[in-house]
Amino acid sequence: MNKRALITGASSGIGFAYAKYLTKKDWYLDLISNNKERSEESRTSLDYKKASFYTADLSKNESIRNIVDKFETPDLIVANAGVAINGPIGKLTDEEKSKAYYLMCGGVIELIEGFVPRMIDKGTGRIVIISSIGAISPMPKSSIYSSIKSGIYAVSYTHLRAHETPEHRGWRGLGVKK
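As the structure is a prediction and not an experimental result, all values here were calculated from the model.

Caption draft 1: Quick peek at empty space enclosed by the protein. Within the structure shown, the criterion is met by one cavity of 30 Å³ or more. Considered as a void within the structure, the largest cavity measures approximately 50 Å³ in volume. Taken together, Thr8, Leu58, Ile64, Ala79, Ala81, Leu103, Gly107, Val108 and Leu111 make up the full set of residues lining the largest cavity. Element by element, the count of residues in the lining of the largest cavity is highest for helix 4 (residues 94-122), at four residues. Residue composition of the lining of the largest cavity, grouped by class: seven nonpolar, two polar and no charged.

The following block contains the structure:
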């Protein structure tokens, strides 16, 4: 049986590297990018028939809902989408901060919470959350970015420990297995 992976931020960097690796393991891939041009470039570069490419703005709730509602339950989620957001205090707009938070934290939580019950029903699944060293070691002019990454780091750390409590049976770190 072939495995299926859903990778956000899949058109470059870590997300694309995950996709390349999984092609060697014969996985089906649902690859999501915000940038249509980079997505097309990655399609050409990857040249893999079991990959489906999607463009979505993951800083918007409706994009996450669409993915959860319409995509097949993956065996692996790689939550990698993100942007660098930095600047002196008071220089970022509320909209910039809100979009960055949802893209790199709130939306990741909703994506995971949308799929985990289905992964548990399926009896298998893994989740990889890409964060940043900024989560534990803030950098100059990056207080917003670091606080967002700290938030998703805390969520992933909490889930890693969830298997230690009876109400989370079925969890194995950031994976599920019956």
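Still to come is the rest of the account.
Caption draft 2: Spatial organisation of the packing of helix 3 (residues 61-70) against helix 4. Where helix 3 meets helix 4, the closest approach of the two axes is 10 Å, and the angle between their N-to-C directions is 20°. Taken together, the axis directions place helix 3 and helix 4 in an arrangement best described as roughly parallel. Our pair here, helix 3 against helix 4, has a crossing hand that is right-handed. Packed against helix 3, whose contacting residues are Asn61, Ile64, Arg65, Ile67 and Val68, the element helix 4 presents Tyr102, Gly107, Glu110, Leu111, Gly114, Phe115 and Arg118 at the interface. Among the residues making up the contact of helix 3 with helix 4, the classes are represented as six nonpolar, three polar and three charged.

Caption draft 3: The arrangement of the pairing of strand 3 (residues 51-55) in detail. Pairing between strand 2 (residues 28-33) and strand 3: five bridges, direction parallel. Each residue of the ladder has a partner; that of Ser33, found in strand 3, is Thr55. The parallel pair strand 2 and strand 3, bridged by helix 2 (residues 36-46), forms a crossover whose chirality is right-handed.

Caption draft 4: Region of interest: the layout of surface pockets. Reported here for the largest pocket is a volume of approximately 420 Å³. The wall of the largest pocket is formed by 22 residues, among which Asn34, Ala81, Gly82, Val83 and Leu103 lie closest to the centre. Mapped by element, the contributors of at least two residues to the lining of the largest pocket are strand 2 and helix 4. Of all the elements, helix 4 adds the most residues to the lining of the largest pocket, at four residues. Taken together, the residues that form the lining of the largest pocket break down as eight nonpolar, ten polar and four charged. Surrounding the second largest pocket, Ile14, Asn80, Ala81, Gly82, Val83, Ala84, Met104, Ile130, Ser131, Tyr145 and Lys149 form its lining.

Caption draft 5: Highlighting the environment of Ile89. Within the secondary structure, Ile89 sits in the loop between strand 4 (76-79) and helix 4. Owing to a relative accessible area of 81%, Ile89 belongs among the exposed residues under this scheme. Sequence separation between Ile89 and Ser143 is 54 residues; the distance between their C-alpha atoms is 7.9 Å.

What counts as what
- Residues numbered from 1 in each chain as written.
- Predicted model: local features only at pLDDT ≥ 70, side-chain atom pairs only at ≥ 80, totals over all residues.
- Heavy atoms only, no water.
- 1 Å grid on protein atoms, 1.4 Å probe; cavity = no way out; pocket = protein on both sides within 12 Å on 5 of 7 lines; lining within 4 Å.
- Points joined across faces, edges and corners; volume = space filled by probe spheres on them.
- Helix = DSSP H or I, 4+ residues; strand = E, 2+ residues; numbered from the N terminus.
- Nonpolar A, V, L, I, M, F, W, Y, C, P; charged D, E, K, R; others polar.
- Axes fitted to C-alpha atoms, helices over the stretch in contact; angles between N-to-C directions.
- Parallel < 35°, antiparallel > 145°, perpendicular 65-115°, else oblique.
- Left-handed = near helix turned anticlockwise from the far one by under 90°.
- Contact = heavy atoms within 4.5 Å.
- Pairing = 2+ DSSP bridges.
- Right-handed = clockwise from strand over helix to strand, strands pointing away.
- Buried < 20%, exposed > 50% of the residue type's maximum accessible area, 1.4 Å probe, protein only.

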